[in-house]
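Notes for the structure review
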Amino acid sequence: MTAAALPENNFFNAKKGIMSWLFTLDHKRIGLLYLYAILSFFLVGVVLGFLMRLELLNPGQDIMKPHTYNQVFTLHGVIMIFLFIIPSIPAIFGNFFLPLHLGTDDVAFPKLNLLSFWLYVLGALFALATLVFGDGPADTGWTFYAPYSVKTGTNVTMSVLAAFILGFSSILTGLNFIVTIHRLRTPGMGFNQMPLFAWSLYATSWIQLLATPVVGITLLMIIAERVFGIGLFDPSIGGDPILYQHLFWIYSHPAVYIMALPAMGLVSEIIPTFAQRTIFGYKAIAYSSMAIAFVGYFVWGHHMFTSGMSGTAGFIFSILTFFVAIPTSVKVFNWVATLYKGSINIEIPLLYMMAFIFNFLIGGLTGLANAALAADVHLHDTYFVVGHFHYVMFGGTGFAMFGALHYWFPKIWGRMYNKARANVAFALLFFGFNMLYFPMLILGIMGMPRRYYDYLPEFHGLNQIATVGSWILVSGLILMLANLLIGLKKGKIASANPWNGITLEWQTSSPPPLHNFDKLPELNEGGPYNYPDAKKA
Amino acid sequence: MNQSFVLPNSGHTFDPKSSKLGMWLFLYTEILLFGGLFLVYMVYRSLNPDAFLLASFKLNVWMGTVNTIILLTSSMTVAMSITALQKGDKKMAMNLLWLTLLAALAFLVIKYFEWGAKFEHGYFPGMDHYDAMPVGEKLYFYLYFFMTGLHGLHVIVGGIFIWVVIAKIKSGKVHKDRISLHENAGLYWHLVDLIWIYLFPLFYLIH
Ligand code: HEM
Ligand SMILES: [Cu+2]
């Protein structure tokens, strides 16, 4: 059934004018503001990555000086981590769909939500301002390791300040979601009736809340150290650079679950819709999110195996890191089991989810290689690590995010994109992605170090393959975004529930009305994914 | 469309429990913020026990003690003012909050003189006396200024918070049946107090 026109009352036309967007308290509009901002910074980051790959097409200096290369990978890292991947899914889809999933009309603190968006913008401005002020963007890598970060002449202070402000924004989002989940569930919806996306946001929010302050204070210490010229972390004046690394990773390892958990939530959300059957092991998936969040606090040392730590500490961190693999695999098995004997409907969102599972599997398994003490001594700071984290963050979370964009596109805008073009874009993305990053894993094992503008001649071939891969990947990205943009303006009007989804957001019109629901949404009997007429396995 | 329909669980209607929960979550983040500093303190103290001890003799224990008493008292007055407002005694609640503010101010004034004396001696990072210190003492003073400075900032923020509450009680926006903001200000103030309760022995007392 296709309606002829968009519903008359929707949140787009409820209010008019630019101010009604910039100062909106509507969670849907704030989610979209985030979407536009985050995608823009993502594109900046992609351009920087693309330029690096061009430089690496051939050995020797091609298009940028070594110092410039250092600044480019730092800015690329800072943008991709702090401006793109950490906020991405929670700030965009969490904001838009958490209240819909819970059957409410907004988050618990709408004003705080707007504040955290503006903090995000402020932090982003600081990050970009490093381009024009002082001696240019930092050249330390996104990790800002001391003592170099204290000594370099580049604009570390401003980058660090940016990260600090962005951290604040992230904390406020997490706080808002936790209270929303505790207080605003629709009558009758217990915790175990929530969609799994809400569960994953819940786990993520706790990490945002409890880990971000630690990196916040660490970054403040770096700033103080630069401004007052004395050392907590500079060994030449009694400081301890290893202490910096500990403090940094105490946050930044849990932060990788801020990136991964929401993506896993999306997969758990989208797979049942396209298998038209209930999720396998609801509780196992929900609680494994909490388990990952919890164990994730105790594994930070695996980034420091080669920085000098006792054998015992290394051993413990290594073992604990292996433990994270257990709840993660629990999820993967559950997803596969959900598909088994489902009535599978291969649509674009499902393709992205399959790509997530494939890429994340490679990312996760290479992670285990890094977690093994002996292997990591060889692999540390090589391209193996670069390959590994792009597989997890981009191949995993990035792809899940693109999939969610295709999944909820008809709900958000009430229109449908061109599916044939979306398929081509997906194929280019998936193929380009693997062509770009798989060679990096091999290069790393061969011993090519990361963070250099140059390499030995024997690495030439694989680097060329990777760079060509980046071209394919970028063309896929352009096609995907163009297709979505066209769909947004000219796409066919979609029905309220084009995928036959069963969670609460599909009960309201597309785009939803300003207050989300015109009547109390009806809870699903027996669990959020219980399809009434599903085939019994 | 039915514009007047409002969900029973709306995010736009005020919910005191949400507001309280939000405040508690925020306090966790504050504790972790200082937690990072306490960790650094612990590491460097254990690496430089003698230097930290020597440096701690340079602080004025009397001023620290007076400030501790002041803060503890102010925690009491803020708690009393909440009880007063719950009982509907607006006047009393406001007076007690003014007392709390006065205590905050007294704390800051004493801190000002304390820091001032340290500056005069040149103990601040970058000053001559500081540069001549052994490494351990430098770390001590660096942490001293960083941690008490950050705490002082929290005293100021807490003071502003309380001042806002006073204004809102006056204008009738905060009252007996809508007391969350007042309670949250109290919670925040207790946190400021709590952190000082740790800072004081760590810097002034441990021998
Ligand atoms: C077209 C897409 C991308 C390309 C071509 C690309 C390429 C690169 C390259 C060449 C490096 C530097 C390797 C080195 O010299 O050590 C790098 C580093 C990095 N990339 Fe990407 N990347 C892309 C997308 C992403 C995405 C989506 C993310 C995150 C979600 C990301 C996160 C990072 C991080 C964190 C670093 C490390 C920076 C550092 O060493 O401080 N990248 N990327
Ligand atoms: Cu890690």
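Notes on the structure in this doc start here. Note that this is a predicted model, so its numbers are computed, not measured.

**Focus on the overall build of chain A**
- Within chain A, the secondary structure is distributed over 16 helices and two strands.
- What you see for chain A is a C-alpha radius of gyration of 23 Å, in line with the 24 Å of a compact globule of 537 residues.
- The principal-axis extents of the C-alpha atoms in chain A amount to approximately 65 × 45 × 45 Å.
- In chain A, which comprises 537 residues, the share counted as buried stands at 62%.

**Examining the overall build of chain B**
- Each helix and strand counted, chain B has seven helices and zero strands in total.
- Counting from the amino terminus, chain B carries its helices and strands in the arrangement α-α-α-α-α-α-α.
- In terms of overall dimensions, chain B is more spread out than a globule: its C-alpha atoms have a radius of gyration of 21 Å, far above the 17 Å expected for 207 residues.
- Principal-axis analysis of the C-alpha atoms gives chain B an extent of 75 × 40 × 25 Å.
- Within chain B, counting contacts between residues at least 6 apart in sequence, those at least 24 apart form 80% of the total.
- Surface exposure of chain B reaches about 9,800 Å², of which carbon and sulfur atoms provide 70%.
- Of the charged side chains in chain B, 15 are positive and 12 negative; the average position of the first set lies 12 Å away from that of the second.

**Looking at the site of ligand 1**
Residue and element names in this part refer to chain A.
- If you check the shell around ligand 1, you find 27 residues, and the closest are Tyr 69, His 76, Trp 142, His 390 and Arg 451.
- At 2.9 Å, a backbone N or O of Trp 142 approaches an oxygen atom of ligand 1.
- Contacts to ligand 1 include His 390, whose side-chain N or O atom sits 2.7 Å from a nitrogen atom.
- Ranked by residue count, the leading element in the shell around ligand 1 is helix α3 (residues 66-85), at eight residues.
- Per-class residue counts for the shell around ligand 1 are 19 nonpolar, five polar and three charged.

**Structural notes on the interface of chain A and chain B**
- Contacts between the two partners involve 49 residues from chain A and, on the opposite side, 38 residues from chain B.
- When chain A packs against chain B, the two sides together hide about 3,600 Å² of surface, and 75% of this comes from carbon and sulfur.
- Our count for the contact surface shared by chain A and chain B stands at one salt bridge.
- As a salt-bridge pair, Arg 183 of chain A and Asp 15 of chain B come within 2.8 Å of each other at their nearest N and O atoms.
- The interface formed by chain A and chain B contains ten residue pairs in polar contact (both at pLDDT 80 or more).
- Broken down by element, the residue count for the side of chain A that touches chain B peaks at eleven residues, all from helix α8 (residues 196-228) of chain A.
- Partitioned by chemical class, the residues of the side of chain A that touches chain B number 32 nonpolar, nine polar and eight charged.

**Comments concerning the coordination of the iron atom of ligand 1**
Residues and elements named next belong to chain A.
- Protein coordination of the iron atom of ligand 1 is provided by His 76 (NE2) and His 390 (NE2), with donor distances spanning 2.0 to 2.1 Å.
- One can describe the site at the iron atom of ligand 1 as octahedral: its six donor atoms subtend angles covering 85 to 180 degrees at the metal. In this pair, His 76 is assigned in helix α3 and His 390 in helix α14 (residues 383-413), connecting sequence segments 314 residues apart.
- By relative accessible area, His 390 is classed as buried at 13%.

**Thoughts on the environment of Leu 379 of chain A**
All names here are of chain A.
- Among the structural elements, Leu 379 can be located in helix α13 (residues 373-379).
- As a C-alpha pair, Leu 379 and Met 446 span 67 residues in sequence and 9.2 Å in three-dimensional space.
- Apart from the residues lying within four places of it in its own chain, the contact partners of Leu 379 are Ala 369, Asn 370, Phe 384, Val 385, Gly 444 and Ile 445.

**Let's talk about helix α2 (residues 27-55) of chain A**
- Between its terminal C-alpha atoms α2 of chain A stretches 42 Å, which fits the 42 Å expected from 29 residues at 1.5 Å a residue.
- The buried fraction of α2 of chain A is high, at 21 of 29 residues.

**A closer look at unusual backbone geometry**
All names here are of chain A.
- Of the consecutive residues Ala 146 and Pro 147, the connecting peptide bond is found in the cis state with omega at 0 degrees.
- Its place among the elements puts Pro 147 in the loop between α5 (110-129) and α6 (148-151).
- At the junction of Ser 510 and Pro 511, the peptide bond is cis and its omega measures out at -10 degrees in the coordinates.
- Residue position: Pro 511 is located in the segment after β2 (492-493).

**Describing a nonpolar patch on the surface**
Residue and element names in this part refer to chain A.
- Residues Phe 315, Ile 316, Ile 319, Phe 323, Ile 326 and Leu 373 make up a contiguous nonpolar surface patch of about 540 Å² in total accessible area.
- By the secondary structure assignment, Ile 316 is in helix α11 (residues 311-339).
- The class for Ile 316 is partly exposed, based on a relative accessible area of 45%.

**Examining the packing of aromatic side chains**
- All told, the structure shown has 74 aromatic pairs over all chains when counted by the stated rule.
- Ring geometry for Phe 433 of chain A versus Tyr 437 of chain A: centroids 4.8 Å apart, planes at 50 degrees, classification tilted. Note that Phe 433 of chain A and Tyr 437 of chain A are positioned in helix α15 (residues 419-446) at a spacing of four residues, about one turn of the helix. Here Phe 433 of chain A matches Tyr 437 of chain A in class, with each residue buried.
- Taking the centre distance of 5.9 Å and the plane angle of 70 degrees together, the rings of Phe 119 of chain B and Phe 145 of chain B count as edge-to-face. Of this pair, Phe 119 of chain B sits in helix α4 (residues 90-120) while Phe 145 of chain B sits in helix α6 (residues 135-170), placing them 26 residues apart in sequence.
- The structure contains a cluster of three or more aromatic residues connected by ring pairs, namely Phe 11, Phe 12, Trp 21, Phe 93, Phe 96, Phe 97, Phe 197, Phe 274, Tyr 407, Trp 408, Trp 499 and Trp 506 of chain A.
- One residue, Arg 29 of chain A, lies across the ring of Trp 21 of chain A, its end atom 4.3 Å from the ring centre.
- Above the ring of Phe 14 of chain B, the side-chain terminus of Arg 178 of chain B is found at 3.8 Å from the ring centroid.

**What to know about helix α10 (residues 282-295) of chain A**
Residue and element names in this part refer to chain A.
- The end-to-end C-alpha distance of α10 is 20 Å, a good match for the 20 Å that 14 residues give at a rise of 1.5 Å each.
- Of the positions making up α10, those classed as buried are Tyr 282, Ile 285, Ala 286, Ser 288, Ser 289, Ile 292, Ala 293 and Val 295.
- Where α10 is buried, its residues touch α8, α9 (241-275) and α11.

**Notes on the coordination of the copper ion (ligand 2)**
Residue and element names in this part refer to chain A.
- Within the first shell, the copper ion (ligand 2) binds the protein through His 253 (ND1), His 302 (NE2) and His 303 (NE2), at distances of 1.7 to 2.0 Å.
- All donors to the copper ion (ligand 2) come from one chain, and their sequence spacing reads H-x48-H-H. Note that His 253 is positioned in helix α9 and His 302 in the loop between α10 and α11, a separation of 49 residues in sequence.
- For His 253, a relative accessible area of 5% gives the class buried.

**Some points on the nonpolar core**
- Core analysis: the largest hydrophobic core is formed by 238 residues, its most contacted members being Phe 93, Phe 233, Trp 335 and Trp 408 of chain A together with Phe 141 and Phe 203 of chain B.
- Ranked by the residues each element gives to this core, the list is headed by α9 of chain A, at 21 residues.
- Ignoring any residue separated from it by four or fewer positions in sequence, one finds Trp 335 of chain A in contact with Met 264, Val 267, Ser 268, Ile 271, Ile 279, Ile 285, Phe 356 and Ile 357 of chain A.

The rules behind these values
- Residues numbered from 1 in each chain as written.
- Chains lettered and ligands numbered in written order.
- Predicted model: local features only at pLDDT ≥ 70, side-chain atom pairs only at ≥ 80, totals over all residues.
- Heavy atoms only, no water.
- Helix = DSSP H or I, 4+ residues; strand = E, 2+ residues; numbered from the N terminus.
- Rg over C-alpha atoms; globule rule 2.2 N^0.38 Å.
- Buried < 20%, exposed > 50% of the residue type's maximum accessible area, 1.4 Å probe, protein only.
- Contact = heavy atoms within 4.5 Å.
- Areas by Shrake-Rupley, 256 points an atom, 1.4 Å probe, with all protein chains shown as cover.
- Lys, Arg positive; Asp, Glu negative; His and termini not counted.
- Charge placed at Lys NZ, Arg CZ, Asp CG, Glu CD.
- Near = heavy atom within 4 Å.
- Polar contact = N/O pair within 3.5 Å; in protein donor to acceptor, adjacent residues only side chain to side chain.
- Nonpolar A, V, L, I, M, F, W, Y, C, P; charged D, E, K, R; others polar.
- Buried area = accessible area lost by both parts, 1.4 Å probe.
- Salt bridge = Lys/Arg side-chain N within 4 Å of Asp/Glu carboxyl O.
- Donors = N, O, S within 2.8 Å, 3.2 Å for Na, K, Ca; no water.
- Tetrahedral: all angles 85-135°; square planar, octahedral: opposite > 155°, others 65-115°.
- Expected span 1.5 Å × (residues − 1).
- Patch = residues over 30% accessible without salt bridge, like charges linked within 9 Å, V, L, I, M, F, W, Y side chains within 5 Å.
- Phe/Tyr/Trp six-rings, centres within 6.5 Å; stacked < 30°, edge-to-face > 60°.
- Lys NZ or Arg CZ within 6 Å of the ring centre and 35° of its normal.
- Core = buried A, V, L, I, M, F, W, Y, C linked by side-chain atoms within 4.5 Å.

Distances and angles like these do not, on their own, reveal function.
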